[in-house]
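# Results of the structural survey
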Amino acid sequence: MRYLILILTFFLLSTVANTNENNFFNEAKDLFDKEKYEDSKFLFHRNIVYNPKDSVSYLYLAKIFKIEDDKRQEEKNIRTTLLLDPKNEEAMYLLIDMELERSNFSKADELSEDFKKICVDLCEKVASIESRLKDFEIKDASWGHSQ
């Protein structure tokens, strides 16, 4: 009988902990959608404490840091997202965008090739990436000829 009570107690505590984890993420996402970024950031961090492999929480943190213009934290969270979920299209696109902003066109081009292999929902972004890379090539070529 004690053994059964112990098992039921463990099951109940596990269920409550699991529910709290889901509530942190859901509440954080809701706050993010309402543009309450500081509160949202706190809850995404809290969710990560309970679920350190939740790549989506890291992705949302990256988005918050992008809004806050904290490039270092943005990149850290994008890379963590991709480490946990290498096929995360949105994180890959954000990283490509970051590399384009840095004028690191060779890295952006390399990432773009990887993006083409994994894209399912965001494939329309490929044209935007390629357009930005071509614009750079045209400017680079014209700049080289004017010297």
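Structure shown above.
A few points on the structure. (Residues numbered from 1 in each chain as written. Predicted model: local features only at pLDDT ≥ 70, side-chain atom pairs only at ≥ 80, totals over all residues. Heavy atoms only, no water.)

Compared with an ideal rise of 1.5 Å per residue, which puts 13 residues at 18 Å, helix α3 (residues 55-67) spans 19 Å between its outermost C-alpha atoms and is within 8% of the ideal. Burial analysis of α3 places 10 of its 13 residues in the buried class, the great majority of the element. Along α3, the residues that are buried comprise S55, S57, Y58, L59, Y60, L61, A62, K63, I64 and F65. D69 sits one or two positions beyond α3 and adopts a positive phi of about 60°. (Helix = DSSP H or I, 4+ residues; strand = E, 2+ residues; numbered from the N terminus. Expected span 1.5 Å × (residues − 1). Buried < 20%, exposed > 50% of the residue type's maximum accessible area, 1.4 Å probe, protein only.)

The subject of this paragraph is the packing of α3 against helix α4 (residues 71-84). In contact at an axis separation of 8 Å, α3 and α4 are set at 160° when each is read in the N-to-C sense. Here α4 runs roughly antiparallel to α3, going by the angle between their axes. Once α3 is placed against α4, the crossing between them reads as left-handed. Touching S55, Y58, L59, L61, A62, F65 and K66 of α3 are Q73, E74, N77, I78, T80, T81 and L84, all from α4. Tallied by class, residues from the contact of α3 with α4 come to seven nonpolar, five polar and two charged. (Axes fitted to C-alpha atoms, helices over the stretch in contact; angles between N-to-C directions. Parallel < 35°, antiparallel > 145°, perpendicular 65-115°, else oblique. Left-handed = near helix turned anticlockwise from the far one by under 90°. Contact = heavy atoms within 4.5 Å. Nonpolar A, V, L, I, M, F, W, Y, C, P; charged D, E, K, R; others polar.)

Moving on, we come to the pattern of salt bridges. Going through the model one piece at a time under the given rule, you end up with 19 salt bridges. In this structure, the salt-bridge partner of D69 is K71, at a minimum N-O distance of 3.7 Å. In this structure, R102 and E75 form a salt bridge, with 2.4 Å as the shortest nitrogen-oxygen distance. Of this pair, R102 sits in the loop between α5 (89-101) and α6 (105-118) while E75 is found in helix α4, placing the two residues 27 residues apart along the sequence. On the accessibility criterion, R102 (40% relative accessible area) is partly exposed. For E75, a relative accessible area of 17% translates into the label buried. Residues joined in a network through salt bridges with shared partners are K66, D69, K71, E74, D97, E101 and R132. (Salt bridge = Lys/Arg side-chain N within 4 Å of Asp/Glu carboxyl O.)

By themselves, these are just geometric observations and shouldn't be taken as functional.
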